[in-house]
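Structural overview
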Amino acid sequence: MKVFLIAGARPNFMKIAPIAREFEKHDQIQYKIVHTGQHYDQNMSDIFFEELGIRNPDYYFGASGGSHSQQTAKIMVEFEKICETDRPNLVIVVGDVNSTLACSIVAKKMHIKVAHVEAGLRSFDLEMPEEINRMVTDSISDLFFVTEEQGMINLKNEGKPEAAIHFVGHVMIDNLYYQFAKLEQIPPDSFASSVYKIQHQKYGVVTLHRPSNVDDKQALERIFEALVRISETLPLIFPIHPRTRKNMEIFGITPPPAIKLTEPLSYMEFLNLWKDAKFVLTDSGGLQEETTALGVPCLTIRENTERPITIAQGTNELVGTSIEKILSAFKKIMSNNWKTGQKPKLWDGSAAERITNIILNNI
Ligand code: UD1
C-alpha cells in the first residue's frame, strides 16, 4: 500500500510525525512525506523535521507566499504532477491549512482515496480560512479520523456515512507525549529557553497569528494593551509568528521589556517553556488542545473555537479580544481559581496506532 502523508505549515509537522513513526512498524505500508513548502523558514519548518524523529520529505514543492488562491493553486499543480508519476493508494491530509485543502481536492479528482486526520471540527465561522478548508476537505474525504466527540456529531449532521467516521483521539497529543518524554531525558540547561525560566520563576506565554487578530490594527493594539497590563504583574514571553512581526512593524507596536519577544521556537524549546508557564494566551488551535492535555491554563483570543472539548473538559476559556475579559480571566488565574480540567477521551498517545490499524483494514 502506497500512502502520501501531506504537511505544509507548522502545525502539520507534529501531526504527521506520529503517523510516520507508526507506519515505520508496518512493512505493508510504503509511505512518502510530501512537504508543500507553505511554511519555509528554518524555524517554521526545517527545525521540526530535525526534532520529530521523522525522515526528510520525499517531495518538496516550495509553494510558499502569495494569496490563498495562488498558494492553493501552486500546491495543486505540483501535487498533481507527483500523483501522476508516483500514484499512491491513499493520501492522508491533516488539519485545516491551505495544503490540506489543495492536496485533498487533487487526490479526489484523480480518484485516489483521501483520509482526513482531525476531521469534523467546526467553528461555524466562515470568516476563518481554516473553516472553509475543513468543510471542503471533509466534503470529499473517504475516511474521517476524529479527535473529539463533537467532531463525530458534526460529521453525522452533515450526512457522512457512519462507517467512514472513526473516533481515534489526537495525533497531536500522541506527539506531545512523545516529545514530553524525550524532554524529560534532556538536561534543562540544554535549552536556550531555560535561561528565561531561571530568570523568571513565574511567567506567561503568548502566541498570536490569526489574521483576524494580527492583520487588524485596532484588534492587535487592543490585545497588546491587555498584554502590557498583564506584564505589569507577570512577565510574558512571546515567540512571534512572521505574519505578526510584520504587522507589528507596520502598525508601530513596540512592547515593553516585560514582554519578551523571540523568534518562533522549535517544538522542544517551546514545550520546555509553556509546560511550566502560569498560563498561555493564544489564538492557536493546537495549543488550546495541548494545554488541556498537560493541564496548563489557557486563554484563547478568539470568539469561537472548533475545539469545544478544551472548554467543556479542559483548561481553556475563550476571551475574545476584549481587554476586560482578558484581564478578568488573568486575575482568576493569578488567584489560583482556574479550573483544573481533565484529559479528553482517547487523548492517550495511541491515536496514530488506531489510525494505522483502520487504514490497514479499510484500504
Ligand atoms: C497558516 C495556516 C493556519 C495555521 C498557521 C500556523 C492557512 C490558511 N493558515 O497560517 O491555519 O494556524 O499556518 O502557523 O493555511 N511566513 C514566513 N515564513 C514562513 C511561513 C510564513 O515569513 O515560514 C509569512 C508568509 O510569507 C506570510 C505569513 O507569514 O506573509 C503568513 O503565512 P501563511 O502560510 O500564509 O499563513 P499563516 O498565517 O502562517
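Summary of the structure given here. (Residues numbered from 1 in each chain as written. Predicted model: local features only at pLDDT ≥ 70, side-chain atom pairs only at ≥ 80, totals over all residues. Heavy atoms only, no water.)

Some thoughts on unusual backbone geometry
Heads up, the rule is: Working definition: helices are DSSP H or I runs of at least four residues, strands are E runs of at least two. Numbering for both runs from the N terminus. The rule is simple: take the accessible area with a 1.4 Å probe, protein chains only, and divide by the maximum for that residue type; under 20% is buried, over 50% is exposed, in between is partly exposed.
One non-glycine residue, His-111, lies in the positive phi region at around 60°. Within the secondary structure layout, His-111 lies in the loop between helix H4 (98-109) and strand E5 (113-117). Using a relative accessible area of 72% as the deciding quantity, one classes His-111 as exposed. Not every positive phi belongs to a glycine, and Leu-346 is a case in point at roughly 70°. Note on placement: Leu-346 falls in the loop between helix H15 (323-334) and helix H16 (351-362). According to the relative accessible area criterion, Leu-346 is partly exposed, its value standing at 23%.

Structural notes on the packing of helix H1 (residues 10-23) against helix H2 (residues 42-52)
Angle between the axes and distance between the axes are the two parameters that describe a pair of packed helices. Cut-off, in case you're wondering: Axes, fitted as lines to C-alpha atoms, cover a helix only where it is in contact. Angles between the N-to-C directions of the axes lie from 0 to 180 degrees. In these notes the angle categories are as follows: under 35 degrees is roughly parallel, over 145 is roughly antiparallel, 65 to 115 is roughly perpendicular, and the rest is oblique. Here a crossing is called left-handed whenever its near helix is offset anticlockwise from the far helix by less than a right angle, and right-handed whenever the offset is clockwise. By the convention used here, residues are in contact when the closest approach between their heavy atoms is within 4.5 Å.
Viewed as axis vectors pointing N to C, H1 and H2 meet at an angle of 25°, and their least axial separation amounts to 10 Å. Here H1 is positioned roughly parallel relative to H2, judged by the angle of their axes. Viewed along their axes, H1 and H2 form a crossing whose handedness is right-handed. Here Arg-10, Phe-13, Met-14, Ala-17 and Arg-21 of H1 lie close against H2, whose contacting residues are Met-44, Ser-45, Phe-48, Phe-49 and Leu-52.

Considering the site of the ligand
Put simply, the test is: Whether a residue is near a molecule or strand is decided by its heavy atoms; if any one of them lies within 4 Å of it, the residue is near. Between N or O atoms, a polar contact is any pair within 3.5 Å; within protein, one atom must be a potential hydrogen donor and the other a potential acceptor, and residues adjacent in sequence are included only when both atoms are from side chains. In short, Shrake-Rupley with a 1.4 Å probe defines the accessible areas, and a residue's cover is counted only from the protein chains shown. For this classification, the nonpolar set comprises Ala, Val, Leu, Ile, Met, Phe, Trp, Tyr, Cys and Pro, the charged set comprises Asp, Glu, Lys and Arg, and every other residue, Gly included, is treated as polar.
For the ligand, the set of nearby residues contains 19 residues, the closest of which are Gln-38, His-39, Glu-130, His-209 and His-241. Interatomic distance of 2.6 Å between a side-chain N/O atom of His-39 and an oxygen atom of the ligand. Measuring from an oxygen atom of the ligand, one finds a side-chain N or O atom of His-241 at 2.8 Å. If the ligand stood free it would expose 750 Å²; the protein chains cover 87% of that surface. Partitioned by chemical class, the residues of the shell around the ligand number six nonpolar, eight polar and five charged.

Quick look at the nonpolar core
Note the threshold: Only buried Ala, Val, Leu, Ile, Met, Phe, Trp, Tyr and Cys residues count toward a nonpolar core, and they belong to the same one when joined by side-chain atoms within 4.5 Å.
Of all hydrophobic cores here, the largest spans 54 residues; its most connected members are Phe-23, Ile-92, Phe-145, Val-205 and Trp-274. Considering each element in turn, this core owes the most residues, seven residues, to H1. Once you skip the residues sitting within four places of it in the chain, Phe-23 turns out to touch Val-3, Leu-5, Ile-29, Tyr-31, Ile-92, Thr-356 and Ile-359. Val-214, Leu-236, Phe-238 and Ile-301 belong to the second-largest nonpolar core, a separate cluster that totals 29 residues.

Structural notes on the pattern of salt bridges
What counts is decided by this rule: Salt bridge, as applied in this entry: a Lys or Arg side-chain nitrogen positioned within 4 Å of an Asp or Glu carboxyl oxygen.
For the structure shown, the criterion picks out 27 salt bridges. The shortest N-O distance in the salt bridge between Lys-15 and Glu-118 comes to 2.8 Å. You can see Lys-15 sitting in helix H1 and its partner Glu-118 sitting in the loop between E5 and helix H5 (129-140), a full 103 residues away along the chain. The exposure classification of Lys-15 matches that of Glu-118, with both residues buried. Across the pair Glu-130 and Arg-210 runs a salt bridge whose closest N-O atoms are separated by 2.9 Å. Of this pair, Glu-130 sits in helix H5 while Arg-210 sits in the loop between strand E8 (204-207) and helix H9 (211-214), placing them 80 residues apart in sequence. Across this residue pair, the class does not change: Glu-130 and Arg-210 are buried. Salt bridges linked by common partners bring Lys-15, Asp-96, Glu-118, Glu-131, Arg-134, Glu-289, Arg-302, Glu-306 and Arg-307 together as one network.

Some words on the sheet that holds strand E6 (residues 143-146)
Going by this rule: Pairing between two strands is assigned when DSSP locates at least 2 bridges connecting them.
Strand order in the open sheet formed by seven strands is E3-E2-E1-E4-E5-E6-E7, and the pairing between neighbours is parallel. Each edge of the sheet is formed by a strand with only one pairing partner; in this case those strands are strand E3 (59-60) and strand E7 (165-167). By the bridge criterion, six bridges tie strand E1 (residues 2-7) to strand E2 (residues 30-35) in an arrangement that is parallel. By the bridge assignment for E2, Ala-7 is matched with His-35. Against the sheet, H1 engages E1, E2, strand E4 (90-94) and E5, with an angle of about 155° to E1.

Considerations on the sheet that holds strand E13 (residues 316-318)
Taken together, six strands build an open sheet; the order of strands is E10-E9-E8-E11-E12-E13 and the sheet is parallel. Bordering the open sheet on either side are strand E10 (259-262) and E13, each of which pairs with just one other strand. When the angles between neighbouring strand axes are averaged without regard to direction, this sheet yields 20°. With three bridges connecting them, strand E12 (residues 298-300) and E13 associate as parallel partners. Pairing of Cys-298 across the sheet is with Asn-316, part of E13. Together, strand E11 (279-282) and E12 form the strand contacts of H15, whose direction differs from that of E12 by roughly 175°.

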